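As a plain string of letters, each chain reads:
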Amino acid sequence: MEQQLDYAAVRAAADRVAGSVRPVAVVPAAGGLWYALEHLQHTGSFKARGARNFLAAHREAGTLPDAGVTIASGGNAGLACAWAARAQSVRATVFLPANAPRVKVERLRGYGADVRLVGDRYAEALAACEEFAARSGALSSHAYDHPLIAAGAGTLLDEIRAGLPGLDTVVVAVGGGGLFAGVATAAREHGVRVIAAEPENCRALNAALEAGRVVDVAVDSVAADSLGATRVSAAALAAARERNVRSVLVPDAAITAARRALWEEHRIVVEAGAATALAAVRTAREPLGERVAVVLCGANTDPGDLTAPERIQSQSQSQSRSQL
């Protein structure tokens, strides 16, 4: 099935996902700054949009096989794929390393996925997934590097514009580049600037821009669990070369601080990857725009490190009261 990533593809994706994904809420945060609360999406991340669009488009085209869909991912993409497959009443076979956290395995099974644990590295799970697709005829999905996946993610931009008239800048975190490529494609249509935020030591897009081509990068960041792609998609690199896009890097300390600020100031719990977008705003040396939306893209995280100090304080207060 021939596909390309353009605004028409994003609009088609919006029609496909309408009624099956949660429209993003856009709320004011501070002067000139708004949050797009995509972490409230089904499965806890924006990935639900691309997965739904991917499967719906294949069903429309008659190319959704009886063997269903398969993907190698124990993270947000795998969860989204399993969720979307259940909604389409097709089988999802998800491959991940045998040492994947039990909570992820159980959540995938909760969505009805057939979970296959292979090896102890992602590369081994991916190889097994590819072999399974070739043998069974299952449709191979990807975490980010596919036009339908990116177009689905891009549906966010028009929803943000609807919730924030006059939007001039949107800030998104970048891992493999699916969210960024889709959002940037739609943003270009409306003259909206895009800030592509990456951790300093997890910079697949920034490095590709610097090299003039897609390159492999090392991954070492507090946000690596969701932004840890070793290379960005070609579509993301192409989108980043447009005039309305700016690539920025932020240190891990700023990401951690932004994540904590979201909790302490708004009681919002997000992944470090999602906090990377806010960190870009908080560390900017000059205003990024007059009406800026930060996409909080995922919430599949353990909030324990955010609430631990409060638990300790609460226990201390309880002990003090017991001594009165």
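Just above sits the structure.
This next bit is on the overall build of the protein. A count of helices and strands for the protein gives 13 helices and 10 strands. Here the C-alpha atoms of the protein give a radius of gyration of 20 Å, agreeing with the 20 Å that 2.2 N^0.38 yields for 324 residues. Dimensions of the protein, computed from C-alpha atoms along their principal axes, come out at roughly 70 × 50 × 40 Å. By residue count, 52% of the 324 residues in the protein fall in the buried class.

Below, the discussion takes up the pattern of salt bridges. Counted by the stated rule, this structure contains 13 salt bridges. D158 is the salt-bridge partner of R161, the closest N and O atoms lying 3.5 Å from each other. Of this pair, R161 and D158 both sit in helix α6 (residues 147-163), three residues apart, which is roughly one turn of that helix. Residue classification places R161 among the partly exposed residues on the basis of a relative accessible area of 31%. Residues R231 and D216 are paired through a salt bridge, measuring 2.7 Å at the closest nitrogen-oxygen approach. One end of the pair, R231, is in the loop between α9 (224-227) and α10 (234-240); the other, D216, is in the loop between α8 (204-211) and α9, and 15 residues separate them in sequence. A relative accessible area of 37% places R231 in the partly exposed class. Classification of D216 as exposed rests on a relative accessible area of 54%. In this structure, a network of salt bridges that share partners links the residues R11, D158 and R161.

Strand pairing within a sheet occurs via backbone hydrogen bonds; the two strands may be parallel or antiparallel. Pairing in this open sheet of six strands is mixed, and the strands run β1-β2-β10-β7-β8-β9 from one edge to the other. With partners counted over all chains shown, the strands left at the sheet margins are β1 (26-30) and β9 (245-250), one partner each. Going across the sheet, the axis of each strand differs from the next one's by a mean of 25°, ignoring polarity. As paired elements, strand β7 (residues 169-173) and strand β8 (residues 193-199) share five bridges and run parallel to each other. The residue bridging V171 from the neighbouring strand is I195, located in β8. Contacting β1, β2 (33-36), β7 and β10 (292-295), α6 crosses the sheet at an angle of about 135° to β10. Contacting β2, β7, β8, β9 and β10, helix α12 (residues 272-282) crosses the sheet at an angle of about 135° to β7.

For the rest of this paragraph, the subject is unusual backbone geometry. Even without being glycine, T43 reaches a positive phi, approximately 70°. By secondary structure assignment, the location of T43 is in the loop between β2 and α2 (47-61).

Counting across every chain of the model gives zero disulfides. This cysteine, C202, is not joined by any disulfide, and C297 carries the nearest cysteine sulfur, 13 Å off. Judged by its relative accessible area of 1%, C202 is buried.

Moving on, we get to the side chain of S221. Counting through the fold element by element, S221 comes out in the loop between α8 and α9. For S221, a relative accessible area of 13% gives the class buried. A polar contact of 2.8 Å, which involves the side chain of S221, links it to the side chain of D252. Dropping the residues within four chain positions of it, S221 is found in contact with P199, C202, D252 and I255.

The next subject is the environment of A25. Along the polypeptide, A25 turns up in the loop between α1 (7-17) and β1. By relative accessible area, which is 35% here, A25 ends up partly exposed. Distance from A25 to D66, taken between C-alpha atoms, is 36 Å for residues 41 residues apart in sequence. Excluding anything up to four places from it in sequence, A25 contacts Y35, A36 and L37.

One finds Y35, I160, V170, L179, F180 and V295 to be the most contacted residues of the largest nonpolar core, which totals 74 residues. Setting aside residues no more than four positions away along its own chain, Y35 makes contact with A25, V26, V27, A29, L262, H266, I268, L278, V294 and L296. Listed in part, the 31 residues of the second largest apolar core include A51, A85, V90 and L96.

Parameters at a glance
- Residues numbered from 1 in each chain as written.
- Predicted model: local features only at pLDDT ≥ 70, side-chain atom pairs only at ≥ 80, totals over all residues.
- Heavy atoms only, no water.
- Helix = DSSP H or I, 4+ residues; strand = E, 2+ residues; numbered from the N terminus.
- Rg over C-alpha atoms; globule rule 2.2 N^0.38 Å.
- Buried < 20%, exposed > 50% of the residue type's maximum accessible area, 1.4 Å probe, protein only.
- Salt bridge = Lys/Arg side-chain N within 4 Å of Asp/Glu carboxyl O.
- Pairing = 2+ DSSP bridges.
- Axes fitted to C-alpha atoms, helices over the stretch in contact; angles between N-to-C directions.
- Contact = heavy atoms within 4.5 Å.
- Disulfide = S-S within 2.5 Å.
- Polar contact = N/O pair within 3.5 Å; in protein donor to acceptor, adjacent residues only side chain to side chain.
- Core = buried A, V, L, I, M, F, W, Y, C linked by side-chain atoms within 4.5 Å.

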